[in-house]
Structures are given as structure tokens and as C-alpha cells.
Amino acid sequence: MKIRKAYLKSQNSPADLPLLLAVIALCLFGLVMVYDGSVVHAYQDFGDNYYYARQQLIWLVLGTIGTFFLANFDYQKLKKLSFVMLVVSVGLLLAVFIPGLGAEVSGASRWLSIGQITVQPAEIVKLTSIIWLASIFEKGPRLKPFLGILFIVGFITAFLQRDLGSTIIFVISAASLFLVSGGAIWQIGITVILSALAGCILIFTSAYRRSRLTSFLDPFGDPQGLSYHISQVLLALGSGGLFGLGLGQSRQKFYIPEVTTDSIFAVVGEELGFIGGLVLISLFALLIVRGFRIAEKAPDQFGKLLAVGLISWLGAQTIINLSAMVAFLPLTGVPLPFISYGGSALVANLAAIGILLNISKKS
């Protein structure tokens, strides 16, 4: 009888199939929309209609390999690697300020440029910080490490890199882990208040952040100036109606800034309409529900915390992006997971899915 119990305990369950199918559908749909939204710009910039789609496909293949590896790599072993991975990723955050290595875009230093490869370390640190926090919270909440990592990463991303969107998502993910590990509500409340105060300081001491807040409060107040971006997004969504103009028929994609990255949902809404947008949102909802289901059924505390952190990250990023697209929140420059163009984000997101699949197999 003991031998039989040991044998059954050693067997893995099948990976979470609904989660896997949802991610496959999102990635393939994202590849189509990246090509759709970028075809004209790709030809104008590189003389190649498929440039952005080809780049996205390369990152998708690399991310898929990472997903497969992490789905079969015992997630418990990540505990021993977590601190080293965190230190390396924070080092990469600072490396963007090294002349010749960091790439500055629109006045912000957020990217590492290595040959023809561009990497955004903020996407990597979201993943590594969640793994590290899950490992140290396994035996209960620890306030000092929690506040320490919030300050270090938040200072670099928000103040130095001027990336408030990534900072907000990082804080939400870390706070979710702290709360689920048994952290007190009042400690979370104080953290949220302090984070909000820091965010207000950043907004009101930065002209471009103030302009985003102004355009959020009045999306059509200055359609040729401050509110140009959000007004073009809303025009695209409004043009789509119930069923959309048809795949490839978007008119606003020629005018929307960041059309293949932060604003790609506007093209989805214009071409596929309310129904197409609803189907896409349903896939994200399925992903989030399955992620929390995996956390609920995790066989140990580390797995539970890890799953909560990962799905909180992906869920928060999805909600913030979609909310900004419908003017429910100010534009924050946050990409839509699995859909937006960008190699660093796609590979990091797929790595998170690999770990979630691994945890589901141990349930």
C-alpha cells in the first residue's frame, strides 16, 4: 500500500490544457495583428512588409522553447536560483544607463541594445522578482525584504527609467504575493498609499505625464495635440461598431501612435468590432481564471505564491492596457500580453506560462 501511494505521488498530472490553448490562441492572434498593424510602417521603414511580423515570430519561437523548458523544469529548483536571477535582472535595469549599451527612445532609457537585438530589462525583472518574493514568503510574509525590493526596483523603473506603467504592475504583483502569504491588510494599505503619493509626485513633476493625465480627463479636448493619441484610439474603436470593418481594413492604424505595441487593441476593435474585442477579452479572462485555479490547487506554498504572483502580473498588465484603450485609465505605455509587438515582453510572458503549466502538472 505504501509503495502504491509513493508511486501515485510521483506521477504528474496533465498540464492545464485550457490555459495552454488560450495562450496558443492569443499568441497566434497577436502575430496576425502585429503583421496587420505594421505592414505599411514596415515597408516604409525597412522596405519589407513582413519585418515586424518576422521579428515577432522569432521571439515567439524563442518564447515557446522557454515555455516548454520551464513546463518540464521542476519549479522548486527555481528557489535556489531566485536571488541570483534577481540580482542579474536588477543589474540589467541599471545597464541601460551605460553609454553604448543602453538605447534611449523618446527621452527615456529603458532598453539594452546588443547588436540588432533590443531588450527591455523591466520585463525580465517582473518575472525574477516574483520568483524571489515567492521563495522568501514561503514561510510567511517578510516586510523588510518586501519594502526593500519595492524601493529598489520602483526607484530605478519609475524615477530613473521614467517607466511608471511597469512600476505599477510590479507593485501590484508584489503586493498580491505579500497579501496571499499572510501579510496584514494595514501594511498593504500603507504601501499602496505611499506608492500612490510617489506616483502623484512623478505625474505632477513631469510635463509628459501631466499631459497624459490631461488627455485622459478630456480625450477630445486637444485632438491635434495633447489628446491626439487617445482620440485616435477612441475613433478606431468607435469605427469598428459591432462586427468591425474587416481584418486588414483599419483606417486609423496609419495615425495611431505605438499601433503595434501599446495601442494594438484599437486595431482589433476597429477591424473585428465589439464582438472580436469581446472574444479576445474572454481569452484573457480564461487565462486569468485558470491561473488562479492553478494557484488554488498548487501542492505547496511556494507553488501557490508563485502562481499568484505570475497571474497577478499578467492579469494586471492586461487590465491596465485595455482600460487605457477605452479611456478608463490614463495611457501608461503598457503592452498587451501575447498580442503587442515586443520580444522581451513576449518571452517573459511565455516563461511565466511555462512555470504555471509546471505547477499545474504537480497539482
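Residues numbered from 1 in each chain as written. Predicted model: local features only at pLDDT ≥ 70, side-chain atom pairs only at ≥ 80, totals over all residues. Heavy atoms only, no water.

Trainee: I'd like to hear about the overall build of the protein, residue by residue, with values.
Mentor: A tally of helices and strands in the protein yields 13 helices and 3 strands. A compact globule built from 363 residues would reach a C-alpha radius of gyration of about 21 Å, and the protein, at 21 Å, matches this within 12%. Taken along its principal axes, the extent of the C-alpha atoms in the protein is 70 × 40 × 40 Å. Counting all 363 residues of the protein, 49% fall into the buried class. Counting only contacts in the protein whose residues sit at least 6 apart along the sequence, the fraction spanning at least 24 positions is 71%. When the accessible surface of the protein is totalled, it reaches about 17100 Å², and 69% of it is carbon and sulfur. For the protein, the distance from the average position of its 25 positive side-chain charges to the average position of its 17 negative side-chain charges is 17 Å. (Helix = DSSP H or I, 4+ residues; strand = E, 2+ residues; numbered from the N terminus. Rg over C-alpha atoms; globule rule 2.2 N^0.38 Å. Buried < 20%, exposed > 50% of the residue type's maximum accessible area, 1.4 Å probe, protein only. Contact = heavy atoms within 4.5 Å. Areas by Shrake-Rupley, 256 points an atom, 1.4 Å probe, with all protein chains shown as cover. Lys, Arg positive; Asp, Glu negative; His and termini not counted. Charge placed at Lys NZ, Arg CZ, Asp CG, Glu CD.)

Trainee: Got a sec to walk through the packing of aromatic side chains? Specific residues and values, please.
Mentor: What the rule picks out here adds up to 12 aromatic pairs. With a centroid separation of 4.5 Å and 10 degrees between ring planes, the pair formed by Phe146 and Phe178 is classed as stacked. Of this pair, Phe146 sits in helix α6 (residues 143-160) while Phe178 sits in helix α7 (residues 164-180); the two residues are 32 residues apart in sequence, bridging distant segments of the chain. What makes Phe178 buried here is its relative accessible area of 1%. Ring geometry for Phe155 versus Phe159: centroids 5.6 Å apart, planes at 25 degrees, classification stacked. (Phe/Tyr/Trp six-rings, centres within 6.5 Å; stacked < 30°, edge-to-face > 60°.)

Trainee: Let's hear about the nonpolar core: which residues, and what values?
Mentor: A general tendency of soluble globular proteins is for nonpolar side chains to be buried together. With 86 residues, the main nonpolar core has Leu287, Leu306, Leu310, Trp313, Phe338, Ile353 and Ile355 as its most contacted residues. Take this core: its biggest share by element is 13 residues, from helix α12 (residues 301-325). Excluding residues within four positions of it along the chain, Leu306 makes contact with Tyr75, Leu78, Ile130, Ile131, Ala134, Leu177, Ile355 and Ile359. (Core = buried A, V, L, I, M, F, W, Y, C linked by side-chain atoms within 4.5 Å.)

Structural measurements only, silent on function.
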